[in-house]
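Secondary and tertiary structure notes
Single-letter residue listing:
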Amino acid sequence: MHIFISVDIEGVAGVCESLQGQRGNPEYEVARRLMTEEANAAIRGAFAGGADAVTVADSHGPMRNMIAEQLDPRARLVSGRARPLSMIEGIHADHDGVVLIGYHAAADNFGVLAHTVSGLAFRRIEVNGVRAGEPTLFAGHAAEIGVPLLAVSGDDRLEAEITEQFPAARSITVKRCINAFASESMSPDEAREKIEQDVCEAVEAAASTEVKAPCTPPLTVDIGFSKQIFADAAALLPFTERTGALDVRFVAKSHAEAIGIISSFSLMASALA
């Protein structure tokens with residue numbers, strides 16, 4: 001049994017402000033260690049639940065955050081950018097389940113450090129009329145290729161999204177949202193214990209977990225940018241439709257295609273900012 005684990009940083013216990021996700025300061029160095037240890041907890045849980053192999057994708061920002069030498073040596077690590085499938089790069093149809101660790105609520109939702117793909121670029125993303133967070137896109141791709149979402153960790157606002165969009169998945173809530181930059185969090189040790197146990201139980205039940213995504217292709221993707229110049233640039237592409245001063249729409253034949261286009265928009269916004 002092969003389990004895929006994607007790890008972000010904003011939903012990690014003890015992380016609650018943007019500085020903790022940005023390179024070049026002491027707070028980031030603490031946060032990346034917390035991120036690495038939550039990944040280790042999920043790896044331990046996956047193997048305890050019956051996994052024979054585990055692949056972990058470093059999926060925050062530069063996608064090279066976790067401390068490789070401190071990662072459980074039984075796991076393989078996907079790191080670096082720009083990756084064709086971004087946060088879910090490395091998954092394939094032979095995987096038996098996916099686990100998302102340290103994730104957060106969607107852009108335009110109330111949550112700790114809530115955003116979708118890029119807080120700089122996007123104020124809202126909808127797919128087939130559904131407000132899209134990162135699980136919507138990346139676990140949506142996994143489901144499209146036949147891999148179920150088993151478990152997700154993050155704050156209570158993310159839990160509400162997962163309950164609605166992926167009801168078969170287990171939510172591992174390690175902190176309560178107070179506002180965008182404040183939370184009431186479990187201690188890191190307690191959060192890791194919970195992640196390990198819940199991932200173990202989720203992996204044990206992987207074979208009977210429903211494979212279902214909130215959206216099925218074709219995917220009508222509505223992008224609300226944070227700046228008009230970003231929409232101006234996106235609207236130059238022949239497959240987009242301008243729907244507002246800050247908004248464009250495109251249709252994708254798969255989650256993988258949608259992820260690639262959204263990732264390109266994010267990189268474009270970074271260049272224009």
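Before any of the text, the structure's been laid out above.
Residues numbered from 1 in each chain as written. Predicted model: local features only at pLDDT ≥ 70, side-chain atom pairs only at ≥ 80, totals over all residues. Heavy atoms only, no water.

**A short note on the packing of helix H2 (residues 134–144) against helix H6 (residues 255–272)**
This is how it is decided: Helix axes are fitted only over the stretch in contact, all axes being lines through C-alpha atoms; the angle between N-to-C directions runs from 0 to 180 degrees. For helices the rule is a DSSP run of H or I covering at least 4 residues; for strands it is a run of E covering at least 2, with both sets numbered from the N terminus onward. Throughout, the term roughly parallel applies to angles under 35 degrees, roughly antiparallel to angles over 145, roughly perpendicular to angles from 65 to 115, and oblique to all others. For any helix crossing, the convention is left-handed if the near helix is rotated counterclockwise from the far helix by under a right angle, and right-handed if that rotation is clockwise. Any pair of residues with heavy atoms lying within 4.5 Å of one another is described as a contacting pair. Nonpolar residues are Ala, Val, Leu, Ile, Met, Phe, Trp, Tyr, Cys and Pro. Charged residues are Asp, Glu, Lys and Arg, and all others, Gly as well, are polar.
One can describe the packing of H2 onto H6 by two numbers: an axis separation of 9 Å at closest approach and a directional angle of 150°. With respect to each other, H2 and H6 are oriented roughly antiparallel. Crossing of H2 over H6 shows left-handed handedness. Residues Thr136, Leu137, Phe138, Gly140, His141 and Glu144 of H2 form the contact with H6, whose own contacting residues are His255, Ala256, Ile259 and Ile262. Here the residues of the contact of H2 with H6 are counted per class, giving five nonpolar, four polar and one charged.

**Section: H6**
Here is the rule: Between the first and last residue of a helix there are one fewer steps than residues, each counted as 1.5 Å, and that sum is the expected span. Only protein chains enter the accessibility calculation, which uses a 1.4 Å probe; a residue whose area is less than 20% of its type maximum is buried, one above 50% is exposed, and one in between is partly exposed.
Taking 1.5 Å of rise per residue, the 18 residues of H6 would be expected to cover 26 Å, and the 26 Å separating its terminal C-alpha atoms lies within 8% of that figure. Listing the buried residues of H6 in full gives His255, Ala258, Ile259, Ile261, Ile262, Ser263, Phe265, Ser266 and Ala269. Where H6 is buried, its residues meet strand E5 (122–127), H2, strand E10 (219–225), helix H5 (228–234) and strand E12 (247–252).

**Topic: the sheet that holds strand E9 (residues 182–185)**
Across a sheet, paired strands are connected by hydrogen bonds in the backbone, their directions being either parallel or antiparallel. Test applied: In this description, strands pair whenever DSSP reports at least two bridges between them.
If you walk across this open sheet you meet the seven strands as E3-E2-E1-E4-E7-E8-E9, and the pairing is mixed. In the strand order of this sheet, the two ends are held by strand E3 (75–78) and E9, each with one partner. The sheet shows a mean angle of 25° between the axes of neighbouring strands, taken without regard to direction. Bridge count for strand E4 (residues 97–101) against strand E7 (residues 149–155) is three bridges, and the pairing is parallel. Bridge pairing in E7 places Val98 opposite Leu149.

Distances and angles like these do not, on their own, reveal function.
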